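One-letter residues, chain by chain:
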Amino acid sequence: TLTKLRKEGKLAAVVYGFQTDSIPITLDYKDTAKKVQKQGYTSVFQIEVEGRIINAVLSDIQRDPLKGHVKHCDFLAINMTEELEVEVPILFVGESIGVKEGGFLMQPNQTLKIKVKPSDMPDSIEVDISELGVGDTLSLEQVRDKISFEVLDEDDYTLATVTPPRTSAEDADLDAAGLTADDVVTTGEKLDPDKLGREG
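Calculation notes
Residue numbers run consecutively from 1 along every chain, following the written order of its sequence. At least 70 in pLDDT is required for a residue's local features to be given in this predicted model, at least 80 for side-chain atom pairs to be given and counted, and no such filter applies to totals for whole chains, interfaces and linings, which use all residues. To obtain the side-chain values, all non-hydrogen atoms of the structure were used and water was disregarded. When two rings of Phe, Tyr or Trp (its six-membered ring) have centres within 6.5 Å they constitute a pair, described as stacked for plane angles under 30 degrees, edge-to-face for angles over 60, and tilted for the intermediate range. Helix and strand assignments come from DSSP, with helices taken as H or I runs of at least 4 residues and strands as E runs of at least 2, each series counted from the N terminus. Exposure classes here rest on a 1.4 Å probe applied to the protein chains alone. A residue is buried below 20% of its type maximum, exposed above 50%, and partly exposed in between. Think of it this way: Lys and Arg go in the positive column, Asp and Glu in the negative one, and His and the chain ends go nowhere. Salt bridges are identified by distance alone: a Lys or Arg side-chain nitrogen within 4 Å of an Asp or Glu carboxyl oxygen. In protein, a polar contact means a hydrogen-donor-capable atom and an acceptor-capable atom, both N or O and within 3.5 Å, with residues adjacent in sequence counting only if both atoms are side-chain atoms; elsewhere, any N or O pair within 3.5 Å suffices. By the convention used here, strands pair only if DSSP detects at least 2 bridges between them.

Moving on, we come to the packing of aromatic side chains. The full count for this structure, using the stated rule, is one aromatic pair. Ring geometry for Phe45 versus Phe75: centroids 6.1 Å apart, planes at 75°, classification edge-to-face. Here Phe75 lies in strand E5 (residues 70-77) and Phe45 lies in strand E3 (residues 45-49), a separation of 30 residues in the sequence. Take Phe45 and Phe75: they sit in the same class, and that class is buried.

Printed below as a string of structure tokens:
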């Protein structure tokens, strides 16, 4: 069972795709987590299956909704010579003018979908936010020509927004709810090689 595998430090997974039928595999949890942390979620992983090495990318991670630990991973076997459609994390660079003035940076979308050869797959795509003022919104249309990959998302895809500083009344509401500004902004989760659950 999945619980038994997890107690043994193992991770259930499946590999499917290019020249590969759907094959269930078992991976070492810590070793897999370390590789993901080192190489990134968008990297090509070499997995030995039934005596042969398969090039694959992570296509899905299933987590326990209550405890947060990873229950299962899907790996998509790929042809290294064909372009893939993959979602790559957005990395903001520069400091927004609006944030310097007290505004709050919001990131409604964490990734961009690009078409790229596996050998050219980036860990992330940098987007400069230094010109964003309070009340400004940055859409894909404004930066598409600065990205050196074919981006498949629509032009109106929102990358970042700088919201005005909160009023003292809004601060009081947050304090009453026991929240901080950090709680309001969503963050991605990572596999932690030292824990089978969420990162602390």
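In this section: the side chain of Asp153. By secondary structure assignment, the location of Asp153 is in the loop between strand E11 (150-151) and strand E12 (158-163). Buried charge without a salt bridge: Asp153, with Lys113 as the nearest opposite-charge side chain at an N-O distance of 6.4 Å. At 2.8 Å, the side chain of Asp153 and the backbone nitrogen of Lys113 are in polar contact.

This part covers the sheet that holds strand E8 (residues 111-116). Read across the sheet, four strands follow the order E9-E6-E8-E11 without closing on themselves; strand pairing throughout is mixed. Only two strands of the sheet have a single partner each, and these edge strands are strand E9 (125-128) and E11.

It is worth spelling out the pattern of salt bridges at this point. Evaluated as defined, the whole model comprises one salt bridge. Of the charged contacts in the structure, one is a salt bridge between Asp155 and Arg144, with a shortest N-O distance of 2.8 Å. On the criterion of sequence distance, the pair formed by Asp155 in the loop between E11 and E12 and Arg144 in the loop between helix H4 (140-143) and E11 is long-range, its members being eleven residues apart. The partly exposed category is assigned to Asp155, whose relative accessible area is 33%. Exposure remark for Arg144: the relative accessible area of 26% places this residue in the partly exposed category.

Taken by themselves, the reported measurements are silent on function.
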